[in-house]
Structure formats: structure tokens, C-alpha cells
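Each chain, letter by letter, is given below.
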Amino acid sequence: MDNNTIALWVLASLALVMAPGAADAYEVGNVQNVGSIHGRVSFLGSSKEPLHFKVEKNPEVCGQERSLMKVESRDGFLTGAVIVLEGIDTGKPFPPQTYTGNLPGTGEFRYLGGESLGLHVKTKDCNFGPFTGVIAANETVQFQNQDSIKHVLHSFVSKDTRGKILRTVHNQDLQPHDEIVRVFPSNKMENGVVVRIICNRHDFMQNWLYVVDNPYFAISDQEGRFTIDHIPPGTYTLLVRHPVLGEQRQEVTIEARKDLQVGFAFGDE
Amino acid sequence: MTRSIRYLCFIFIVGSLGIVYALPPAEGALLDGLMGGVEESLGKKAEEKGERLVIGNFYQAERPDSHAPIGVMQDHTHNKGEFMFTYRYMYMYMDKMRNGTDNLSNNDVLRDFAVTPKNMTTQMHMFSAMYGLNDTVTLMAMLPYVMKEMEHQNRAGANFTTNSSGFGDTKLAALWRLYAFETPSIGSHRFHLNTGVSLPTGDINPTDNTPLGNNSLLPYPMRLGSGTVDLLPGLTYTGVRNNVSWGFQALGTVRIGHNQQGYKEGNRYKVNSWGAYRWADWISTSARLNWQQWYNIKREDGQLQTTVGPAQIPLVPTADPERQGGQRLDLMGGVNILFPEFMGLENHLNVEAGAPIYQYLDGPQLRQAWSFWVGWQMVM
């Protein structure tokens, strides 16, 4: 067998190995006649009380007591629901966005955007960021610790919205004022819907990041509102996910240059 | 050691290292993805209780009992990139001769032998390091420095003492994560496989001055290593629920071939089970049962004097390869103290002491009276 033949075999093998991944990957491209969706997520259940935690480790940095609001609603509308539009392969770039955690922590999820999601988790005041967010498989995620104490970053992936079965992805020390970069590989993230991140040292630090593979997602704001724009025309599945309340979905048809209004309503879990 | 056995050892070591390095990027425990039915069943039960099932939740350093009692080694795996350095000191005291389960007096032994051991102390300084190579494999290396002292009495009533000291055998191991799962009501359960080799760096020709002459070759119990490459297979299970933790470990030492002196130490098998209670975030206490069985020496060291005088009186039981085996069950009690973020690291100070509650020896042999361990572990 000569060198050319060997090279062809190698290239063919590589193509076979890489083909499925390449077919699934989202690509940024120019799409004409785009439409948009906007709507609100209602919460019709009884209002929830936050969980309270007595801080045992590092109260000098984290405070003596912390609380965690898992179902946050105002005037009947739900904050922090993750809305995802499935099945889009080509379209707009990932938008740069920043979401800040609830006080007293001021950690943030910063999405750099562009060709990929580009998630940076900036931990501050014992807070990774808001209770919910998004993450992409096979991308590097930068975890930065701006605190003067160590956190132990433990991440899990689950195949269901509420994370009934969680599988460890990374379990890693996050040293004071240090940063680490970790990939959430596709073999561990297979069929994964959500990634939960916690700190093994501070049990009030827990967040849920829903897996997305395109930039057509939104997180409902404090009035339950969301908007997704620059959507290529077509029929898609629109999902709304919440770690406690679960998942709802509906078929939506996006028409060129039109805005579609939708609504979701959750009751008690 | 014959050439073929050396080749076998070489292939085993290179093969083991090859497996470790060929597997990356290792992405988790070996049984991940193969336990679908178990996970489904556990997940359903957890859901019925309103709980979550967590898979792959391995090592956490934040508990005083996150490590087994200090006398247990290779009891946990580390997360990727994590280092742990350990210093252990062990003191073991042996006194009185025993045959089977019967204690013997010095005179009992001296009826059949020219010399009897009276007591023995063994001290070990052990330096070890563990490193989380990836999410599957944790590597471990350990080098001990050993000091032994044995007091004897001969038929004339004269006492003498022999000493040996130096580095012991070097142990290299790879710990393979098998599986871990956890729910709040059933606690967390972790399994890993122990594989390793012991390299013959310990002296098997120690000498000291004895009534037989200066620089006499010391018998088997005074030697600092086995002289052979030994395989160290094993299996470890640990569990935690609320303030209670427990574990079980079976470890073997399987000798390969014969050493340069022409003999082979008997294989040794060890089963440990322990339980610990966490009284506070920083302190836990433990109880441990340690069952050991070890076998007689195969062949013999041809250079070791075994008889004395024209009547060929057996010299001393410790020079008889057929009087080295035995079984023992030790009961140990320990304390683990956690010093979190001391010098910026997780530090564990662990102490353990205990004594045999059952001892059967292919004697006459010195019985073990008690042992004491203290160790300092730094996780970074």
C-alpha cells in the first residue's frame, strides 16, 4: 500500500468518525426573512418561600445566613424559566449576554457569544450566578473564582429537566482567585438536558444550566417576559424548562417578518 | 529471579503503565454507562421519596472521615489533578512466642531451638503520594523507611539484640474508579479497583553482630523487603450516610518468582472493614477489624544458618521457612481530625491503635502484641 492510499484511508476514517458531529453542529449563517417570538411565563401556584441556610464554612466571606429562591415569581409571573427553541441548524450568532446572581452574591454567567455560547462563570461572594442559565456541550467553560476562599465545583448532567438522576461531570477544586477551564464532553453529555453545578463546601451554591445547541434561547425576566428574535421561518418545538416546575412544550410556526406571541403557565410542582 | 520472570514483571509494569496512559481521555468510572438497569431502579426509588440519585460522586475531602483509618491504604481515589501527600509512622510491638493459638514460654522454645526471640519492635516511616491522573485513575507511590529490632535469648540464658534498618519495598499503584452512587436516604456508595506492584527496593541481606559472629545474615522477619516483584490486587468499597461512614477493602500481595537469595515469601491477603462516626465537622472516631492471612516461605535462603553444633540443633524459629505463616484478626480504634485550609490545604491528622483479638501462627513465632499508627495527610 503506498503513502497516498494510506492517507486516503486515514482521511476516510476521520470523515466517518467526524461526520455525525459535523452534521449536528450549529452553524452561524445568513438567514433571510426572519421572525421572532415573545411571550410570558405565568406561575399560577402558591408563592414559595426561599430556603434558608446557616453558613458553616467561611461565614466571613459568605455571610452568616444565606437563602435560595428556587421558584421566583412576581405578580403571577415566573422568573428564571429557560425557553429553548429546538431544531435550528443555521442562523444568527450567539448573542453576548450577562446574567447576575441574586444578592447578596454577585456571581455572574457571562455568555461571550459569537460562533459559540462562550460561557464564563464568575463566582463572587459565594455565588456562581443566577439560579438558572444555559450551557453547551463540547465547549470550554471558564470558571473563575473571585472569592478569597476555596470552592469545590461539582457539576452533574441529567437527562431530565428536574435532574432526577444526576451524573458527575467534573469535581474540581476552585482555588481562591483562580480560574479553571473545563469542557463538558459530548460523551458525558449524551442526551443531557441540564447541568447542575454545586459547591461541595457551600450547599446554598447551586445552579441549573440547561443544555442548548443554538442561540435561540431566552431566560424569563422578573416579569416573566422573554423574547427570541432573528428566527428562520419554519415550524419548531418551543420548550420552557424549570428545575422545580418541570417542562412544557408547544409547536410554533415562525413566519417571515412576523412576531409570534406565546404564553406558558405553570402550577404547583 | 530467572530471566523469564524478570521479563514477565517488566511486561506487567510497562503494560500497566501503558493501560493507564492509553485510556485517557478517561471520562469517568469504569462501570459508568453499564449500570442502566441499576440506575433506573435506584432512580425510581429515589423519585418516590422525592430525592435525587447522583451517579459518580466520588472523593470529597471536606470530612474528617473522608479518609479511612490511617492504617488502611489506597482507600480512596482523588479527583483529577488533585495531589495528596501522606506521612505515616507505625510502631508495632511483638512479644511472647506462640504456636497455633497457644502461648509458649522461652523454655518451651529453647527445648527445640538453640535461640528464641523474646520480643520485636518494628517502626516504619512511610512517605506516600497520590495523584488524580484523570476522572478514572488515581496513581499512588509509597516508600517506607523501616527499623527493626529483635531481642533473643539462648540456651545459656544470654540475651542479645539484632537490628536492621533501611528503605523497604517501593509500592506503585493505580486505583481505578468503578462506580459511585448516592441519594440522601441511602447515603453514598463508592467502589474502586486496586492494582499495583511492589518493587524490591528493601534489603534482603541485612546483617548484624550475633553470638554466631559479626555481620551474620539476619533471619526472615528482620528483612526489609521481599526481594521479589509483588502484585497488589484489591477491591475497595466505602460508604457515607449522614455522620456515619464505613468501608471494606480486600487486598492481596502476590509474589512473583523467587528472590536473589533463592526463596519466595508467602502471599499475604488482607481484609479490612471499618466504621466511623463524625462527631463534628472536624473530628471522627473509628473502629476497624483487620483480618490477615500470610503463608510460609517457599524454598529457603541457602546462605542463612539454620542449625548449630554437631548435633544440628535448629538455630532459631525465625530462620525456618516453614514457621512464617499465620492468621490474625486485629481490632483497631482511631481518631481522624480535619484541619481545613491549614496552610491553604486540607489537612488530616489521624491516629489509630489496636491489638489482635485472634492470632494463629505456624510457630513458634512471635505474636503481635499491639500496634500504633499516626499520620498526616495534606490534600492540595
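What you are looking at is a predicted structure, and each value in this text was computed from that prediction instead of being measured.

Procedures and definitions
Residues numbered from 1 in each chain as written. Chains lettered and ligands numbered in written order. Predicted model: local features only at pLDDT ≥ 70, side-chain atom pairs only at ≥ 80, totals over all residues. Heavy atoms only, no water. Helix = DSSP H or I, 4+ residues; strand = E, 2+ residues; numbered from the N terminus. Rg over C-alpha atoms; globule rule 2.2 N^0.38 Å. Buried < 20%, exposed > 50% of the residue type's maximum accessible area, 1.4 Å probe, protein only. Contact = heavy atoms within 4.5 Å. Areas by Shrake-Rupley, 256 points an atom, 1.4 Å probe, with all protein chains shown as cover. Lys, Arg positive; Asp, Glu negative; His and termini not counted. Charge placed at Lys NZ, Arg CZ, Asp CG, Glu CD. Buried area = accessible area lost by both parts, 1.4 Å probe. Salt bridge = Lys/Arg side-chain N within 4 Å of Asp/Glu carboxyl O. Polar contact = N/O pair within 3.5 Å; in protein donor to acceptor, adjacent residues only side chain to side chain. Nonpolar A, V, L, I, M, F, W, Y, C, P; charged D, E, K, R; others polar. Pairing = 2+ DSSP bridges. pLDDT = per-residue confidence, 0-100. Axes fitted to C-alpha atoms, helices over the stretch in contact; angles between N-to-C directions.

Some remarks on the overall build of chain B
Then, in step 1: In terms of helices and strands, chain B carries 3 helices and 19 strands.
Then, in step 2: A compact globule built from 380 residues should have a C-alpha radius of gyration of about 21 Å, and chain B, at 23 Å, falls within 12% of that.
Then, in step 3: Its C-alpha atoms give chain B principal-axis dimensions of about 80 × 45 × 40 Å.
Then, in step 4: Taken over 380 residues, chain B has a buried fraction of 53%.
Then, in step 5: In chain B, of all internal contacts separated by at least 6 residues, the share reaching a separation of at least 24 is 70%.
Then, in step 6: Split by element, the accessible area of chain B, about 16,400 Å² in all, is 59% carbon and sulfur.
Then, in step 7: For chain B, the distance from the average position of its 31 positive side-chain charges to the average position of its 34 negative side-chain charges is 4 Å.

Quick look at the interface of chain A and chain B
Then, in step 1: Across the contact, 26 residues belong to chain A and 23 residues belong to chain B.
Then, in step 2: Taking both partners together, chain A and chain B bury about 2,100 Å²; carbon and sulfur atoms supply 39% of that area.
Then, in step 3: Where chain A meets chain B, there are 5 salt bridges.
Then, in step 4: Inspection of the chain A/chain B interface yields 14 residue pairs in polar contact (both at pLDDT 80 or more).
Then, in step 5: A per-class count over the side of chain A that touches chain B returns 8 nonpolar, 8 polar and 10 charged.
Then, in step 6: Alignment of strand 15 (residues 165–174) of chain A against strand 1 (residues 53–55) of chain B, held across 3 bridges, turns out to be parallel. Paired with I165(A) across the two strands is L53(B), which belongs to strand 1 of chain B.

Examining the confidence of the model for chain A
Then, in step 1: On average, residues of chain A carry a pLDDT of 87, and 90% of them reach 70 or more.
Then, in step 2: Note that residues 14–23 of chain A has pLDDT below 50 and, in this model, 0 contacts with residues that lie over four places away or in other chains.

Considerations on the pairing of strand 4 (residues 65–68) of chain A
Residues and elements named next belong to chain A.
Then, in step 1: Taking every second residue as pointing to the same face, the buried face of strand 4 carries R66 and L68, while none of E65 and S67 on the other face is buried.
Then, in step 2: Taken together, the 4 bridges between strand 3 (residues 51–54) and strand 4 define a ladder with antiparallel strand orientation. Across the sheet, the residue bridging to K54 is E65, located in strand 4.

Details of the sheet that holds strand 10 (residues 108–111) of chain A
Residues and elements named next belong to chain A.
Then, in step 1: With respect to topology, 5 strands assemble into an open sheet ordered 9-10-11-13-16, the strand pairing being mixed. Whereas interior strands pair on both sides, the edge strands pair on one side only; in this sheet they are strand 9 (97–100) and strand 16 (179–183). Along the sheet, successive strands turn relative to each other by an average axial angle of 15 degrees, direction set aside.

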